[in-house]
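# Analysis of the macromolecular model
Below are the chains, spelled out letter by letter.
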Amino acid sequence: MIDNKRVLAIVPARSGSKGLKNKNIKMLNGKPLLGWPIKAGINSRYIDKVVVSTDSEQYKKIALEQSVDEVILRPSELATDEAGSIDVILHALDVLKLQCSSFDIVVLLEPTSPLTTSGDIDEALELMISSQGVKSVVAVVQAQCHHPQFAYTEKNRFLTQYTPGSAEIVRRQDLTEVYYLDGSLYISTVAAIEKYKNFLTDCTLAFKVPKWKSFEIDDDIDFDIVEMLMKRYSVE
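What you are looking at is a predicted structure, and each value in this text was computed from that prediction instead of being measured.

All right, on to the overall build of the protein then. Along its length, the protein carries six helices and 11 strands. Scaling as 2.2 N^0.38, a compact globule of 236 residues should have a C-alpha radius of gyration of about 18 Å, and the protein matches this with 19 Å. Each of the 236 residues in the protein was classed as buried or not, and the buried ones make up 46%. Summarising the internal contacts of the protein: among those between residues at least 6 apart in sequence, 73% fall at separations of at least 24. A gap of 1 Å separates the mean positions of the 27 positive and 33 negative side-chain charges of the protein.

What follows is the structure, given as structure tokens:
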């Protein structure tokens, strides 16, 4: 709880990953991938409950072994490639309401972003609570080598700059700061997520994370990179 507001963390972990089979339970530094956000949520000073939303009895068993507070089995229509995270969140909130368990703030923790820590969660929640009128906070990382001013597209088969200006004569340190969503942390009031069906609203704050924390796991190469980063930065 923070500022008398109850906080729920949801870890979405469906079993139908096509790019990397059973990605969400693949072992990373001695822990299944879904175990990392569970641990971060449990260790948060402010999160009142951590739940995993899954379509798999096997994943449910593994999540419970990681000491998650509750596992919510989602219907098959919410376990497809087309199903969005917002629908999964709303389903979990509805299930908990039927249990007479309500929350003011929801935190989405993706297993594919295992470098997010309880400290990150707490800092982002404090940012949200300390800023009047804020509906949501999302994690972002600064675009550097992939800055849009360095981007090109094709026009009449020839390369042309995607944005105006000459990227060749712009020093990196002179570029306007631009950020992209890195997927590592999403926070919203429950009222806003139910109304807007989106974490991005007219009152969304950026929670800036360093580049090394922005890596997402989609394939075996990502696993190797994140495993190295965990050792390099002592993420346990």
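This brings us to the side chain of Ser56. Tracing the sequence through the fold places Ser56 in the loop between strand 4 (49-54) and helix 2 (57-65). A polar contact is formed between the side chain of Ser56 and the backbone nitrogen of Gln58, at a distance of 3.1 Å. A polar contact is formed between the side chain of Ser56 and the backbone nitrogen of Tyr59, at a distance of 3.0 Å. Those residues in contact with Ser56 that lie beyond four places of it in its chain are Ser15 and Leu73.

Turning our eyes to something else, we now look at the pattern of salt bridges. A complete count under the given rule lists 10 salt bridges for this structure. The partner of Asp202 in a salt bridge is Lys135, and the shortest N-O contact between them spans 3.4 Å. Of this pair, Asp202 sits in the loop between helix 5 (190-196) and strand 11 (204-208) while Lys135 sits in the loop between helix 4 (118-130) and strand 7 (136-142), and the two are 67 residues apart along the sequence. Taking the relative accessible area as the measure of exposure, Asp202 reaches 62% and is therefore exposed. Judged by relative accessible area, which is 22%, Lys135 ranks as partly exposed. What you see here is one network of salt bridges that share partners, running through Arg45, Asp122 and Glu126.

Turning our attention to the side chain of Thr116. Relative to the elements of secondary structure, Thr116 occurs in the loop between strand 6 (105-108) and helix 4. Looking at Thr116, the relative accessible area reads 10%, which means it is buried. A distance of 3.1 Å separates a polar side-chain atom of Thr116 from the backbone oxygen of Ser184. In contact with Thr116, not counting residues within four places along its chain, are Ala40, Leu109, Ile121 and Ser184.

Leu34, Val52, Val107, Leu125, Leu185 and Ile187 are the most contacted members of the largest nonpolar core, which has 33 residues in total. Broken down by secondary-structure element, the contributors of at least two residues to this core are strand 1 (7-12), helix 1 (35-43), strand 4, helix 2, strand 6, helix 4, strand 7 and strand 10 (179-189). The dominant element in this core, judged by the number of residues it contributes, is helix 4, at four residues. Grouped together as the second largest cluster of nonpolar side chains are 19 residues, Val51, Leu93, Val190 and Ile193 included.

Definitions and cut-offs
Residues numbered from 1 in each chain as written. Predicted model: local features only at pLDDT ≥ 70, side-chain atom pairs only at ≥ 80, totals over all residues. Heavy atoms only, no water. Helix = DSSP H or I, 4+ residues; strand = E, 2+ residues; numbered from the N terminus. Rg over C-alpha atoms; globule rule 2.2 N^0.38 Å. Buried < 20%, exposed > 50% of the residue type's maximum accessible area, 1.4 Å probe, protein only. Contact = heavy atoms within 4.5 Å. Lys, Arg positive; Asp, Glu negative; His and termini not counted. Charge placed at Lys NZ, Arg CZ, Asp CG, Glu CD. Polar contact = N/O pair within 3.5 Å; in protein donor to acceptor, adjacent residues only side chain to side chain. Salt bridge = Lys/Arg side-chain N within 4 Å of Asp/Glu carboxyl O. Core = buried A, V, L, I, M, F, W, Y, C linked by side-chain atoms within 4.5 Å.

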